[in-house]
Amino acid sequence: MSNYDYLIVGSGLYGAVFAHEATKAGKKCLVLDKRNHTGGNVYCENTEGINVHKYGAHIFHTNDKGLWDYVNQFVEFNNYVNSPLAYSKNKLYNLPFNMNTFYQLWGTITPKEAKAKIEEQILLFGVKDPKNLEEQALSLVGKDIYENFIKEYTEKQWGRKATELPAFIIKRLPVRFTFDNNYFNDKYQGIPIGGYNKLIDGLLKDIDVQTGVDYFSDKKKFDKQAKKIVFTGKIDEFYGYKLGILEYRSLNFINEVLDTDNFQGNAVVNYNDAEYEFTRIIEHKHFEFGKQAKTVITKEYPQEWDINKEAFYPINDAKNQALFEEYKKLSLQEENVIFGGRLSEYKYYDMHQVIASALTSAKKELS
Ligand code: UDP
């Protein structure tokens, strides 16, 4: 007997938004999560009064006013602006690549000088039709920036040669000819005041939630409890990996509580050189302008993924993408299962994109 209209597997942003919308439309939802908390990878853990982004730093940004208003109805967002620094060859630089970076790297003063320098660097390589990440970077920013900031960082992050990675990964890196260190181009940006758990708690308010429960431990039993399933886990796992395993890149987060109120003066400092095994150090208190006596930092070590590790970044190369398309074909035949989110769609998603995707699918489903 089904007691629920929807069984939602996974309480990350996709699952929580879908559950909220369905409940608002008068449907009864049960949300399951195999972790012992809700929120998926946006979950924060409180240490020394600081919201620690347990599964990696999350900075919300969007150009969509509707989406910004949507998240702000559950928790007010602060005016944090992400301005990461890059530590390369014993020097600190501003990111994203902008007039400050060019000045620090080459001493160029005007946009005209910086543009000329970059054009000269790009011409050194003359890549016209970039086919991989290395060629994409060289054709966009040239040799010096590629070698100082991109090559080593990218290769440790992804555990693969930059020539073997898809170009789209660094389309996220903007280049500007203004002295503007804002990492994102979007109109709206911030961090929930009091942490992301407030957003998730707001979305899941008054909804039945069970944590520490693995859907696959008794799929048949859970399936009987609802008319429809919303599945936000790994699509290949849903099908028992029968066509093969989709690959990911994983991360190992090493947290330290330090007896200082300010360790690095910024939330995000990238360590671009290969000699550091971690890619960045996050100092969480700066996301919320914290004044605590201590600080918590996280070193982010990329690591090879296997089926027992957390799946963070999908590896959207040709091989994995083709396998995903096969799983997708299977999923389109399901009448009672909706697949969505980073793991089900095998997509390098930002938070605003996941929320938009969940809202679209909820609207389609519930109308
Ligand atoms: N990247 C880089 N150097 C940097 C920062 C980023 O080469 O200092 C490249 C790298 O390939 C990375 C991609 O840009 O995988 C996206 O990085 P970003 O920090 O924007 O994404 P996140 O890891 O936070 O999702």
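Residues numbered from 1 in each chain as written. Predicted model: local features only at pLDDT ≥ 70, side-chain atom pairs only at ≥ 80, totals over all residues. Heavy atoms only, no water.

- The name given to the chain in an unreviewed UniProt entry is UDP-galactopyranose mutase, and the organism recorded there is Flavobacterium hibernum.
- Quoted verbatim from the Cofactor (unreviewed entry) field of the UniProt record, the comment on the chain reads "FAD". (UniProt positions renumbered as here; feature names shortened; annotations may be inferred.)

### Observations concerning a nonpolar patch on the surface
Now for step 1: On the surface, a cluster of nonpolar side chains totalling about 350 Å² of accessible area is made up of Tyr 103, Ile 109 and Phe 179.
Now for step 2: As for its position among the elements, Ile 109 is in the loop between helix H3 (99–106) and helix H4 (111–125). (Patch = residues over 30% accessible without salt bridge, like charges linked within 9 Å, V, L, I, M, F, W, Y side chains within 5 Å. Areas by Shrake-Rupley, 256 points an atom, 1.4 Å probe, with all protein chains shown as cover. Salt bridge = Lys/Arg side-chain N within 4 Å of Asp/Glu carboxyl O. Helix = DSSP H or I, 4+ residues; strand = E, 2+ residues; numbered from the N terminus.)

### Quick look at the pairing of strand S11 (residues 248–258)
Now for step 1: Note: S11 against strand S15 (residues 313–314), 2 bridges, orientation antiparallel. Counted as the bridge partner of Arg 249 is Tyr 313 from S15.
Now for step 2: Where S11 lies against strand S14 (residues 295–304), 10 bridges are found, and the strand directions are antiparallel. Residue pairing in the sheet places Asn 255 in a bridge with Thr 298 of S14. (Pairing = 2+ DSSP bridges.)

### Quick look at the packing of H3 against H4
Now for step 1: Interhelical geometry of H3 versus H4 gives an angle of 70° and a closest axis separation of 10 Å. Classified by the angle between their axes, H3 and H4 sit roughly perpendicular to one another. For the pair H3 and H4, the crossing hand works out as left-handed. Contacts between H3 and H4 involve Met 99, Phe 102 and Trp 106 on the former and, on the latter, Pro 111, Ala 114, Lys 117, Ile 118 and Gln 121.
Now for step 2: Its residues assigned to classes, the contact of H3 with H4 shows 6 nonpolar, 1 polar and 1 charged. (Axes fitted to C-alpha atoms, helices over the stretch in contact; angles between N-to-C directions. Parallel < 35°, antiparallel > 145°, perpendicular 65-115°, else oblique. Left-handed = near helix turned anticlockwise from the far one by under 90°. Contact = heavy atoms within 4.5 Å. Nonpolar A, V, L, I, M, F, W, Y, C, P; charged D, E, K, R; others polar.)

### Overview of helix H2 (residues 65–72)
Now for step 1: Buried within H2 are the following residues: Leu 67, Trp 68, Tyr 70 and Val 71. Projected onto a plane normal to the axis of H2, the buried residues spread over an arc of 160° and lie on a single side.
Now for step 2: Buried-residue contacts for H2 involve helix H1 (13–24), strand S5 (60–62), strand S8 (188–190), helix H7 (196–203) and helix H12 (351–366). (Buried < 20%, exposed > 50% of the residue type's maximum accessible area, 1.4 Å probe, protein only. Arc of directions from axis to C-beta.)

### Quick notes on the domain arrangement of the chain
Interface size is commonly expressed as the accessible surface area that is lost when the partners come together.
Now for step 1: Assigned domains of the chain: these are domain 1 (4–80 + 188–246 + 315–366) and domain 2 (85–172).
Now for step 2: Placing the centre of domain 1 and that of domain 2 at their C-alpha centroids yields a distance of 34 Å.
Now for step 3: Taken together, the 4 residues of domain 1 in the interface contact 5 residues of domain 2.
Now for step 4: Each partner contributes to the roughly 580 Å² buried at the junction of domain 1 and domain 2, and carbon and sulfur atoms together form 65% of this total. (Domains from an automatic or database assignment. Buried area = accessible area lost by both parts, 1.4 Å probe.)

### A few points about H4
Now for step 1: Relative to the 21 Å expected for 15 residues at 1.5 Å per residue, H4 spans 22 Å between its end C-alpha atoms, a close match to the ideal helical length.
Now for step 2: The complete set of buried residues in H4 reads Ala 114, Ile 118, Gln 121 and Ile 122. Along the axis of H4, the buried positions cluster into a sector of 100°, meaning they face one direction only. Opposite its buried face, H4 presents the exposed residues Lys 112, Glu 119, Leu 123 and Leu 124, each directed more than 90 degrees away.
Now for step 3: Each element contacted by the buried residues of H4 is listed here: H3, helix H5 (133–141) and helix H6 (143–158).
Now for step 4: Backbone geometry just after H4 places Gly 126 at a positive phi near 60°. (Expected span 1.5 Å × (residues − 1).)

### Quick look at the site of the ligand
Now for step 1: By nearness alone, 17 residues border the ligand, and Thr 154, Trp 158, Tyr 183, Tyr 313 and Tyr 348 come closest of all.
Now for step 2: Contact distances for the ligand include 2.7 Å between an oxygen atom and a side-chain N or O atom of Thr 154.
Now for step 3: Between the ligand and the protein, one listed contact pairs an oxygen atom with a side-chain N or O atom of Asn 272 at 2.9 Å.
Now for step 4: A total of 520 Å² of accessible area belongs to the ligand in isolation, and the protein chains cover 92% of it.
Now for step 5: With 6 residues, the top contributor of residues to the shell around the ligand is H6.
Now for step 6: Each residue belonging to the shell around the ligand can be placed in one class, and the counts come to 11 nonpolar, 4 polar and 2 charged. (Near = heavy atom within 4 Å. Polar contact = N/O pair within 3.5 Å; in protein donor to acceptor, adjacent residues only side chain to side chain.)

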